[in-house]
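Single-letter residue listing:
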Amino acid sequence: MKIATLQLAPKLGDLQGNIEKANGLLKSNKWGSAGAASPDLLVLPEMALTGYNFPSLEAVKPYLEPAGDGPSASWARETAKRLKCKVCVGYPEIEENPQSTDQTTYYNSLLVVDEKGEVIHNYRKSFLYYTDETWAAEGQVERGFKELAIQEQQVATSFGICMDINPYKFEAPFDKWEFASRVLDSKTQLVILSMAWLTLLSREELDALKYKPEMDTFNYWLQRFWPLLQKRMKHEIDIDGKTGSPKKVVIVFANRAGEEPPADETKSEARYAGTSAIIAVTQKPKSGSEQDSESSDDGELPFDVKILCWDLLGAAEEGVCFADTTADPKMVFAIKKSSK
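Cut-off values and rules
- Throughout this document, residue positions are counted from 1 along each chain, in the order its sequence is written.
- Only residues with pLDDT of at least 70 are given local features in this predicted model, and only at 80 or more are side-chain atom pairs given and counted; all residues enter the totals for whole chains, interfaces and linings.
- Side-chain descriptors were evaluated using all non-hydrogen atoms of the structure, hydrogens and water having been removed beforehand.
- Each pair of aromatic rings taken from Phe, Tyr and Trp, with Trp reduced to its six-membered ring, is defined by centres within 6.5 Å and is described as stacked if the planes are under 30 degrees apart, edge-to-face if over 60, and tilted in the remaining cases.
- Exposed residues in this analysis have more than 50% of their type's maximum accessible area, buried residues have under 20%, and partly exposed residues fall in between, with area computed by a 1.4 Å probe over protein chains only.
- Should the NZ of a Lys or the CZ of an Arg lie within 6 Å of a ring centre and within 35 degrees of the ring normal, that charge is described as sitting over the ring.
- Strands are runs of DSSP state E lasting at least two residues, helices are runs of H or I lasting at least four, and both sets are numbered from the N terminus onward.
- What a helix should span is 1.5 Å times the count of its residues minus one.
- Taken from the helix axis, the directions to the C-beta atoms give the arc we talk about.

K.L.:
Can you help me understand the packing of aromatic side chains in this one?
P.N.:
For the coordinates displayed, the defined rule picks out twelve aromatic pairs. On the numbers, 5.3 Å between centres and 35 degrees between planes, the contact of F54 with Y63 is tilted. The class of F54 is buried, set by a relative accessible area of 4%. Through a chain of ring-to-ring contacts, three or more aromatic side chains come together here, namely F174, W177, F179, W197, Y220, W221, F225 and F253. One residue, R124, lies across the ring of Y107, its end atom 4.0 Å from the ring centre.

And the structure:
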């Protein structure tokens, strides 16, 4: 499968300018320069075309749109038909109750359209950041799973938006791993994460990194998927249609870059970590291990785990992150057994 993310630094509220920037970045895409076909899937960040750090409902209201009907949806439809691929774009959603104007609800959402420009899914963020809480309602976790038809097969896909991978409201134990556990339990083959993940780095530190990833952020994202490194994957076929060993779950981290004004005078500027990546966690049974066992008598895992990374963008970089999951990855990380 060919997967791409578009990492950009949208300006808050500059919808037309952000659309023009997105189109310009796609025209200089990696798969085009390599002479390869367009991706099967393109993923954009959280609230990619409107910007993210709106301080209130009144501030975000001009940019709200019904699912499948608005500037973000129109851009997704046009881009999907032009590239002949599925497109996921984050946007601020309004859902009006036709029976009562007092029951209008707002969500931080992710729209998915197919190659024909038809809406096939709409996921709503279920764990809200404090910025979201000023205007958005929680979505339903159950919406976070869908089978996508890609390359003539049904791909079990889990969706999340940024904070969804964290412990719920930071009240749940850090190691409860709610999101990652749902990935395993649903036999997910592909994870799509649309993000506006912040960094504590200063503007000068981000500028110094530029084309280098923010590794503290990257390592934290990996940590939130710890169960995939510790528990046996349950799906039978991976996203490339292969069965047997090794099994893999592909994870798409589609983050944004840049900086936005503070939400109010008590806060600093919102700076984003970039570092978009397309990876896979793989499991290969060890020789002689029991097929269904989770660990041996000495606590050692019955499978070898590796993390494949096809592409990893810089913290302040704008451009396309691209992976052909049938090709060799750029980097491979092995899990080192801790010494006691």
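Having seen the structure, we can now continue with the description.
K.L.:
Would you take a moment to explain helix 1 (residues 15–27) for this structure?
P.N.:
Helical periodicity: at 3.6 residues per turn, an α-helix aligns residues three or four positions apart in one direction. Helix length check: helix 1 (13 residues) gives 19 Å between terminal C-alpha atoms against 18 Å at 1.5 Å per residue, within 8%. For helix 1, the set of buried residues is L15, N18, I19, A22, L25 and L26. In an axial view of helix 1, the angular spread of the buried residues amounts to 130 degrees, which keeps them on one side of the axis. Of the residues in helix 1, the exposed ones pointing more than 90 degrees away from the buried face are E20 and K27.

K.L.:
Would you take a moment to explain helix 4 (residues 71–83) for this structure?
P.N.:
For helix 4, which comprises 13 residues, the first-to-last C-alpha distance of 18 Å matches the rise-based estimate of 18 Å (1.5 Å per residue) to within 8%. The complete set of buried residues in helix 4 reads S72, A73, W75, A76, T79, A80 and L83. With its buried residues spanning 160 degrees around the axis, helix 4 presents them on a single face. Once helix 4 finishes, K84 follows within two positions and takes phi at roughly 55 degrees, a positive value.

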